[in-house]
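What follows is each chain in one-letter form.
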Amino acid sequence: MFSILRRWGASSSYQRVPGGPEAQKCSPEKSASFFSKMTYSWFSRIIILGYKKPLEREDLFELNESDSSYVICPVFEKQWRKEVLRNQERQKVKASFHKEAHTGKPSLLCALWNTFKFVLIQVALFKVLADILSFTSPLIMKQMIIFCEHRPDFGWSGYGYALALFVVVFLQTLILQQYQRFNILTSAKIKTAVIGLIYKKALFLSNVSRKKFSTGEIINLMSADAQQLMDLTANLNLLWSAPFQILVAVSLLWQELGPAVLAGVAVLVFVIPINALVATRVKKLKKSQTKNKDKQIKLLNEILHGIKILKLYAWEPSYKKKIIEIREQELEIQKSAGYLAVFSMLTLTCIPFLVSLATFGIYFLLDEGNVLTATKVFTSISLFNILRLPLFDLPTVISAVVQARISLGRLEDFLSSEELLPQNIETNYTGDHAIAFTNASFAWDKTGIPVLKDLNIKIPEGALVAVVGQVGSGKSSVLSAILGEMEKLTGVVQRKGSVAYVSQQAWIQNCILQENILFGSIMQKQFYERVLEACALLPDLEQLPNGDQTEIGERGVNISGGQKHRVSLARAVYSGADIYLLDDPLSAVDVHVGKQLFEKVIGSSGILKNKTRILVTHNLTLLPQMDLIIVMGSGRVAQMGTYQELLSKTKNLANLLQVFSEQEKAHALEQVSVINSRTILKDQILEQNDRPSLDQGKQFSMKKEKIPIGGVKFSIILKYLRAFGWLWVWLSMATYLGQNLVAIGQNLWLSAWAKEAKHVSEFTEWKQIRSNNLNIYGLLGLMQGLFVCSGAYVLTRGSLAASRTLHAQLLDNVLHLPLQFFETNPIGQIINRFTKDMFIIDMRFHYYLRTWVNCTLDVIGTVLVIVGALPLFILGVIPLVFLYFAIQRYYVASSRQIRRLAGASRSPIISHFSETLLGVSTIRAFAHEQRFIQQNKEVVNENLVCFYNNVISNRWLSVRLEFLGNLMVFFAALLAVLAGDSIDSAIVGLSISYALNAPWIMSKRPPSQWPHKGVVEFINYQARYRDDLGLALQDITFQTHGEEKIGIVGRTGAGKSTLSNCLFRILERSGGKIIIDGIDISTIGLHDLRGKLNVIPQDPVLFSGTLQMNLDPLDKYSDSELWEVLELCHLKEFVQSLPRKLLHEISEGGENLSVGQRQLICLARALLRKTKILVLDEATASIDFETDNLVQTTIRKEFSDCTILTIAHRLHSVIDSDRVLVLDSGRIIEFETPRNLICQKGLFFAMLTEAGITQDSGTKK
């Protein structure tokens, strides 16, 4: 634990990056006057600017230094470390008393309190002042009514009361808006601090913790759970403020109505436990909902990362069904929560009415002489209205506390989870070797089965070491052990110097190519260009639109697989590390490129010749050039030594070296032919200089989130209302209108009642009249309750319908989008639509609509009541309405754009986080954790800037609108004084109390047996990745015969994978057509097409779930069929050794299997879907030669009656094809039998020569 603390404390000082937008537009708040700060007038320049033009990020004010993530995060991390230490001390004390180990977790709440306690106390003081002032208004109104009842000689006191009322409500407005500002910004700071801590923790998670917390769950912690803490903080003061307001209101009511108020208190005491029971039920529902959201985000994340596989196999319906099943569970919980909300709304609306009814009823019963005067009625009603707010807010804050408790528990579980232990490996080693293993055994978790056993390896400094072995033998695990990524069970591991790592699946960042290579290092121009040349990247830079300034998309989607690996290798080379761990980087590149990489980078004459290099490889032709060869078998070192030593030993290695010995014979040819082949290559390149390349076809950048400009289109609101259902829309309007009319009727009835009370002596049956009045008041309250209950029910039903419809439409649209959409839009942006935006649709949007309808009806009702009581009030209302619309016009333009900027700034947080989780091994290997933590602070800070401007703009509006409301109160009071004896005191009470409470598949189907021959014909086919880019494929014309085996070859970026994408219509045509067995594929549906084709893709993508589900997600095949294909793929023995066999759980991304095993599972999928056409897209690049030969034999046998199109880097896998199609720069260069192509001595011959393959290596005539 202390080692973890040292790591967390390794970089306690964070420096803001110099320059940037913060230097351009500092906030003028600090230098503003007191009045400007209180009224937010200093922000007016942004409001005016936003009215003149759409605001952009550069126009916004920057944060105050103390509010930025650069300051907040380190302060909070310091408090968290202290809390971790305090927790350790607590556990020691408990253990000493109980004589047993305790595993209590550090308290996140304590750490947050210690960080933000002073600002939270400041917020509480603002709230106290605002609450006190809220009770002053009814007391002044009481004096106003008394004044109007008695009309004393000194009439000026009435004007004094009117002015005092205005001053009090205006002060309350200013203080309340300061409270809101500090409260909301403090809650945002807490969210920022928690996000920073989650991100930092994610960088150090152990493998056990990574299995426990999937990528989706960690993203959910950052988005949903951090948001719950923010919501709690925003409502935190209501925990004490609501009881305080209830207590003060009851005390003041006692002064008006005496002991009768206890009846109202009894109603409150009765209702609060009911609300507590509702809150408990809500807690359980929220907990279940959180689990469902985790599942949905996890599945969505995998679907979006593996979308190409889903499209190739036409699996979208299967995975759509899985998401909809989870979604239906969410909606069921949402429905239950909605019905609980109906009950809550009923109690909340009825509580003030029940309290007043009980109080007035008991007031009459206590003394027959008690009379409700205007003073008592409207002072009481104003206090009841104040009482309504805390009673309304208390369940909200209880719900927020409940949800926050769940979120706190989840966050504490994550933040207390196990980290990688630094002691897994000694990095301060100063001995003679670069790396030393002594009796070392490793597993992926402490209690797991050892993956590597009894390793005793000594690697000298500057040595070139090869690690070879069959699939699953533990080659990549050796590198993971050197990096400290595995749990050391026994022994010692020592490493001297810094490390650079090239992973087997290249990790590429969403930034420009140069930044991918520099990876935070300082630019050294000469060395940088030397690295580019050695890694064969210079030709690629010439083809890219902006050279090394071209932006690379997420996961490197706009560059080929080979280019990704070369960029990854260049990153490692440029780092200048002491030790290089290279996990099979040569398998994904063409043979001649691989040869160049070895010669100029890895080999004895390459850039890294004096460095320690450990190369995992399947290319056995490289073994003679190695200083040391480590042969792995079943997690142990089977053999170790130089190439000659291994050959001279017993024949244990015969199986492994058999393929190599065959290739060795061809090796001599390479030296003779290399000069001729280079001459041929040079001529070919000179001839093709003017041709656009495939990479030019794929030159697209990741799109930044588009920020709309202008008002929200009515069509969008209309779309929501359609999804809501017109029946529910009209019923909602009717219920809310009825609710407001009944509320007005209640108060008008009380006013009339108070009038009658003045003439009590004139009525002979006063008791009967009073009883009737009370009954009618009760009936009106009951009607209001029914309207509220009906409105809440209707809203719940409609919002559920809208949530279901819009989510289904969104999911359907996303799954049907072309692949290019996913290649040009960050995954975080898409996930944001399903998380944050759907959360607003599910939980907030209907609430906003309800609030808007209620406020609109309340304002209209308020104006009508006051104008009815005081007709001259209309003269004051007209200018107020004009000012209201003028302020709104200025505000809406700016606020809308700021909200959009804030929304767009959320996606980069998720995108950067997802990218980090994918590349965490690389980040840790290069020891760049602190740099990525700093980058996270930058993207979070950008969001915080937009949020800050949004909060201030809201406060700017609130101050001004509340001021207009205050003027309305002043005018109503002033007119009441001016009216003199012409107005009744009950009307004065009614008008002022109202003013105080004014709220502001296509149809053509192919035959079922299609395709029956497997004849594929391209006719003048052209394709491009985007309309404004050059052609990726040009004038492609060729035809296969049925059951023919076609090899497709070409250098990196020649268009090989693009050709297969076009066959599956992943990329649509720009011209020409593709005909399969007489049917133009553009005339049939995508699912019909893809369901009839078969593919083994370049990237072996697996999804979390069982092995059986990964093989057969549609549940079409029996277990015996699955075992049969596993045997054909040489995986049966491996799967039988697993405890749960076919039900073995595959972790996210298939991380608990080697890359080779993943590719074999992809082969098994193809064997299950046996169709007449099979595309092999570099399908055996990550498996050893022996397994590759077995796989090729299986494919030839099992698909003997199929047309096979094979795209391969390893030319020996296509040399026995019937014909070979040679592509270059998107054109067909050659298409003949292998023997004829060799005789022609063209590009194919040159590639064979460089690969060292002779004419008698199995070529067909």
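As the structure is a computational prediction, the values presented were derived from the model and not from experiment.

**Q** What's the story with helix H18 (residues 561-574) in this structure? I'm lost.
**A** The α-helix winds at 3.6 residues per turn, so residues separated by three or four positions along the chain end up facing the same way. For H18, which comprises 14 residues, the first-to-last C-alpha distance of 20 Å matches the rise-based estimate of 20 Å (1.5 Å per residue) to within 8%. Just beyond H18, the residue with positive phi is Gly-576, at close to 65°.

**Q** Is there a simple way to explain the pairing of strand S8 (residues 628-633) in this structure?
**A** Looking along a regular strand, one sees side chains alternate from face to face of the sheet. Burial analysis of S8 places five of its six residues in the buried class, the great majority of the element. The pairing of strand S3 (residues 464-469) with S8 spans five bridges and is classified as parallel. Note on S8: the bridge partner recorded for Gly-469 is Met-632. Direction of pairing for S8 relative to strand S9 (residues 636-641): antiparallel, over a ladder of five bridges. Following the sheet pairing, Ile-630 is matched in S9 by Met-640. Hairpin connection between S8 and S9: a loop of two residues separates the two successive antiparallel strands, and Ser-634 in this loop has a positive phi of roughly 55°.

**Q** What is the right way to read the side chain of Gln-289 from this model?
**A** If you trace the backbone, Gln-289 turns up in helix H10 (residues 261-305). At 3.2 Å, the side chain of Gln-289 and the backbone oxygen of Glu-330 are in polar contact. Discounting residues that sit within four places of it in the chain, Gln-289 has contacts with Glu-330, Ile-333 and Gln-334.

**Q** Explanation requested: the sheet that holds S8 in the structure shown.
**A** The strands that make up a sheet pair up through hydrogen bonds in the backbone, lying either parallel or antiparallel. Reading across the sheet, the six strands line up as S5-S6-S7-S3-S8-S9 and stay open at both edges, with mixed pairing between neighbours. Either end of the sheet is taken by a strand with one partner, and the two such strands are strand S5 (499-502) and S9. Within this sheet the neighbouring strands show an average axis-to-axis angle of 15°, counted without direction.

**Q** Got a minute to help me understand the UniProt feature "transmembrane region" (unreviewed entry) in the protein in this structure?
**A** The feature "transmembrane region" (unreviewed entry), as annotated in UniProt, sits at residues 115-136, 156-176, 260-279, 337-365, 774-795, 859-887 and 963-980 in this numbering. The annotated region residues 115-136 carries 100% helix and 0% strand content, and the separation between its end C-alpha atoms amounts to 35 Å. End C-alpha to end C-alpha, residues 774-795 measures 31 Å, and it is 100% helix and 0% strand.

**Q** Help me understand the environment of Asp-584, please; the structure alone is not making it clear to me.
**A** In this fold, Asp-584 is placed in the loop between strand S6 (579-583) and helix H19 (591-602). Relative accessible area serves as the criterion here: at 4%, Asp-584 is assigned to the buried category. Each C-alpha atom of the pair Asp-584 and Ser-503 lies 7.8 Å from the other, and the pair is 81 residues apart in sequence.

Thresholds, definitions, all that
Residues numbered from 1 in each chain as written. Predicted model: local features only at pLDDT ≥ 70, side-chain atom pairs only at ≥ 80, totals over all residues. Heavy atoms only, no water. Helix = DSSP H or I, 4+ residues; strand = E, 2+ residues; numbered from the N terminus. Expected span 1.5 Å × (residues − 1). Buried < 20%, exposed > 50% of the residue type's maximum accessible area, 1.4 Å probe, protein only. Pairing = 2+ DSSP bridges. Polar contact = N/O pair within 3.5 Å; in protein donor to acceptor, adjacent residues only side chain to side chain. Contact = heavy atoms within 4.5 Å. Axes fitted to C-alpha atoms, helices over the stretch in contact; angles between N-to-C directions. UniProt positions renumbered as here; feature names shortened; annotations may be inferred.

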